[in-house]
Amino acid sequence: MKGAPLQFEAATLGEAIQYYEASFRCAIRPCEKLLPGQSELKYFEFSDMSNEFDGLVDIHVLRDGLEICPKQDLSFLLEESDHVEIGLLVC
């Protein structure tokens, strides 16, 4: 999975994901099944078009020193200084 930072403007989490998909030729979709121990849906399925990685990722928004988990809320409003982090599911 590529980890190069991108800088772009997006009003919502959904727009940011669309830009990432176009930039890295991948697909990111909300995972529609609960994982063991999970009470709500919050992860995403990631598919790399080059077949380097297919699996689950977690998306967080870094804002003013806070790490926000918007879960699968694609309408989550982003602020100008936000950083969207897409990372491998580690737990």
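Analysis parameters
Residues numbered from 1 in each chain as written. Predicted model: local features only at pLDDT ≥ 70, side-chain atom pairs only at ≥ 80, totals over all residues. Heavy atoms only, no water. Helix = DSSP H or I, 4+ residues; strand = E, 2+ residues; numbered from the N terminus. Expected span 1.5 Å × (residues − 1). Buried < 20%, exposed > 50% of the residue type's maximum accessible area, 1.4 Å probe, protein only. Arc of directions from axis to C-beta. Contact = heavy atoms within 4.5 Å. Phe/Tyr/Trp six-rings, centres within 6.5 Å; stacked < 30°, edge-to-face > 60°. Core = buried A, V, L, I, M, F, W, Y, C linked by side-chain atoms within 4.5 Å. Salt bridge = Lys/Arg side-chain N within 4 Å of Asp/Glu carboxyl O. Lys, Arg positive; Asp, Glu negative; His and termini not counted. Polar contact = N/O pair within 3.5 Å; in protein donor to acceptor, adjacent residues only side chain to side chain.

**Re helix 1 (residues 13-24)**
Alright, step 1. Helix length check: helix 1, at 12 residues, gives a terminal C-alpha distance of 16 Å against a target of 16 Å (1.5 Å per residue), a fit within 8%.
Alright, step 2. Listed as buried for helix 1 are Leu13, Gly14, Ala16, Ile17, Tyr20, Glu21 and Phe24. Buried residues of helix 1, seen end-on, are gathered within an arc of 160° and therefore sit on one face of the element. Facing away from the buried side of helix 1, by more than 90 degrees, are the exposed residues Gln18 and Ala22.
Alright, step 3. Where helix 1 is buried, its residues contact strand 1 (26-30), strand 2 (44-48), strand 3 (54-63) and strand 5 (83-88).
Alright, step 4. Positive phi appears at Arg25, one or two residues downstream of helix 1, with a value of about 50°.

**Structural notes on the packing of aromatic side chains**
Alright, step 1. In total, this model carries two aromatic pairs according to the counting rule given.
Alright, step 2. Taken together, a centroid distance of 4.7 Å and an interplanar angle of 50° make the contact between Tyr20 and Phe24 tilted. In this pair, Tyr20 and Phe24 are both assigned in helix 1, four residues apart and thus about one turn of the helix distant. Each member of the pair, Tyr20 as well as Phe24, carries the same accessibility label: buried.

**Points about the nonpolar core**
Alright, step 1. Ranked by internal contacts, the top residues of the largest apolar core, which has 16 residues, are Tyr20, Ile28 and Ile59.
Alright, step 2. Those elements that place two or more of their residues in this core are helix 1, strand 1, strand 2 and strand 3.
Alright, step 3. Looking at this core, the element that brings in the most residues is helix 1, giving five residues.

**Quick word on the pattern of salt bridges**
Alright, step 1. In this structure the tally under the stated criterion is four salt bridges.
Alright, step 2. When the shortest N-O distance is used, the salt bridge between Arg29 and Glu21 registers 2.6 Å.
Alright, step 3. Residue classification places Arg29 among the partly exposed positions, given a relative accessible area of 46%.
Alright, step 4. Where Glu79 meets Arg63, a salt bridge forms, and the shortest distance between an N and an O atom there is 3.6 Å.

**Here we look at the side chain of Asp58**
Alright, step 1. Within the secondary structure, Asp58 is located in strand 3.
Alright, step 2. Of the buried charged residues, Asp58 lacks a salt bridge, with Lys42 as the closest side chain of opposite charge at 5.0 Å.
Alright, step 3. A polar atom in the side chain of Asp58 sits 3.3 Å from the side chain of His60.
Alright, step 4. If near-sequence neighbours (up to four positions away) are discounted, Asp58 is found in contact with Lys42, Tyr43, Cys69, Glu85, Ile86, Gly87 and Leu89.

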